[in-house]
Amino acid sequence: MNTEEVQQHLQGIRVPEFMSSDLYQFSLDIRASETIGALPPVNYLAQQLINVVSSISVGSSLMQAVKVGPDQFSWIHMLGVKAAMVLHTELPPIFVKQDPNPNAYTFGVSEEKASIVLTSALLEILEPRELMFVIGHELGHFQCKHVLYHMLAKILSGSFKFIRSHNLLLDL
């Protein structure tokens with residue numbers, strides 16, 4: 001795909017004057033966000049754990065990935081810039097990972113440590129507008145702090161499995 005073709009696909013996509021995740025965030029997400037926000041120690045601990053786990057998993061997951069930018073995969077970079085403009089957010093780094101399975105996912109919850117990963121198989125099957133939608137979808141996960149909730153669920157699940165596997169449950 002070249003940049004001229006992508007520019008043609010992007011024509012007519014309007015950037016709204018205002019956009020906030022509150023406009024598209026699911027009501028249960030908003031309540032979960034408010035609950036976690038009301039518990040600063042839990043929020044802080046979850047963010048620190050995510051930063052550690054993200055650093056480890058990003059490093060291992062992206063060792064052979066290519067970072068998207070104006071000079072590499074410039075057409076994907078253009079789509080990401082447009083998606084970020086529409087959602088009124090910063091564009092985190094985007095990586096393309098060689099993988100036969102079409103997929104996209106987001107790492108991290110802070111803007112400094114967020115990344116979007118697109119697999120090579122996904123690039124092969126989507127048109128530019130569809131890929132821009134996928135990038136926007138991943139930006140939405142970041143804006144709605146879904147990674148934070150997912151990590152908290154994993155931590156709680158892992159804790160319960162650890163307690164059960166080590167017979168640490170008390171008979172009451």
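The structure contained in this document is the topic of the report that follows. Values in this document were obtained by computation on a predicted structure and should not be read as measured data.

Rules and cut-offs
Residues numbered from 1 in each chain as written. Predicted model: local features only at pLDDT ≥ 70, side-chain atom pairs only at ≥ 80, totals over all residues. Heavy atoms only, no water. Helix = DSSP H or I, 4+ residues; strand = E, 2+ residues; numbered from the N terminus. Buried < 20%, exposed > 50% of the residue type's maximum accessible area, 1.4 Å probe, protein only. Contact = heavy atoms within 4.5 Å. Areas by Shrake-Rupley, 256 points an atom, 1.4 Å probe, with all protein chains shown as cover. Pairing = 2+ DSSP bridges. Expected span 1.5 Å × (residues − 1). Core = buried A, V, L, I, M, F, W, Y, C linked by side-chain atoms within 4.5 Å. Lys, Arg positive; Asp, Glu negative; His and termini not counted. Salt bridge = Lys/Arg side-chain N within 4 Å of Asp/Glu carboxyl O. Axes fitted to C-alpha atoms, helices over the stretch in contact; angles between N-to-C directions. Parallel < 35°, antiparallel > 145°, perpendicular 65-115°, else oblique. Left-handed = near helix turned anticlockwise from the far one by under 90°.

**Considering the overall build of the chain**
Scanning the chain for helices and strands turns up 7 helices and 4 strands. Starting at the N terminus and ending at the C terminus, the chain contains elements arranged as α-α-α-β-α-β-β-β-α-α-α. Expressed as a percentage of the 172 residues in the chain, the buried residues total 39%. Sequence-distant contacts, at least 24 apart, represent 63% of the contacts inside the chain between residues at least 6 apart. Accessible surface computed for the chain: about 10,800 Å², of which carbon and sulfur atoms make up 59%.

**Some points on the sheet that holds strand 2 (residues 94–97)**
Spatial strand order, 1-2-4-3: 4 strands in an open sheet with mixed pairing. Looking along the sheet, the strands with just one partner apiece sit at the ends: strand 1 (66–67) and strand 3 (104–107). For strand 3 and strand 4 (residues 115–119), the ladder comprises 4 bridges, and the chain directions are antiparallel. By the bridge assignment for strand 4, Ala104 is matched with Leu118.

**Some thoughts on helix 4 (residues 74–87)**
Look at helix 4: 20 Å from first C-alpha to last across 14 residues, which is about the 20 Å you get at 1.5 Å a residue. Count one or two residues on from helix 4 and you reach His88, which has phi positive near 55°.

**Quick word on helix 6 (residues 128–143)**
Look at helix 6: 22 Å from first C-alpha to last across 16 residues, which is about the 22 Å you get at 1.5 Å a residue. Of all the residues in helix 6, the buried ones are Pro128, Leu131, Met132, Val134, Ile135, Gly136, Glu138, Leu139, Gly140, Phe142 and Gln143. Phi turns positive, to about 60°, at Lys145, one or two residues after helix 6.

**Observations concerning the environment of Thr89**
Topologically, Thr89 is positioned in the loop between helix 4 and strand 2. Since its relative accessible area comes to 17%, Thr89 is described here as buried. When the C-alpha positions of Thr89 and Phe142 are compared, they lie 9.9 Å apart, and in sequence the two are 53 residues distant. Sequence-distant contacts of Thr89, defined by excluding residues within four places in its chain, comprise Ala84, Leu139 and Gln143.

**A few points about the nonpolar core**
Nonpolar side chains in soluble globular proteins generally cluster together in the buried interior. Core analysis: the largest hydrophobic core is formed by 22 residues, its most contacted members being Ile76, Leu79, Ile94, Leu118, Leu131, Ile135 and Leu139. Taken together, the elements giving at least two residues each to this core come down to helix 4, strand 2, strand 4, helix 5 (120–125) and helix 6. When residues in this core are grouped by element, the largest group, 7 residues, is from helix 4. Excluding its chain neighbours within four sequence positions, the residues that come into contact with Ile76 are Val68, Ile94, Val96, Leu118, Leu123, Leu131 and Ile135. Core analysis: the second largest hydrophobic core is formed by 5 residues, Leu62, Phe95, Phe107 and Val117 among them.

**So, the side chain of Asp99**
As for its position among the elements, Asp99 is in the loop between strand 2 and strand 3. The buried charged residue Asp99 lacks any salt bridge partner; its closest oppositely charged side chain belongs to Lys97, at an N-O distance of 4.9 Å. The contacts of Asp99, once residues within four sequence positions are left out, are Thr119, Ser120 and Ala121.

**Thoughts on the pairing of strand 2**
Relative to strand 2, strand 1 runs antiparallel, the two sharing 2 bridges. Within the sheet, the bridge partner assigned to Val66 lies in strand 2 and is Val96. Pairing between strand 2 and strand 4: 4 bridges, direction parallel. Directly across from Val96, in strand 4, lies its bridge partner Leu118.

**Quick look at the packing of helix 4 against helix 6**
Contact geometry for helix 4 and helix 6: axes closest at 9 Å, N-to-C directions at 50°. Considering the angle they form, helix 4 stands oblique to helix 6. In this structure, the crossing between helix 4 and helix 6 has a hand that is right-handed. Where helix 4 abuts helix 6, its residues Trp75, Ile76, Leu79, Gly80, Lys82, Ala83, Ala84 and Leu87 lie against Pro128, Leu131, Met132, Ile135, Gly136, Leu139, Gly140 and Gln143.

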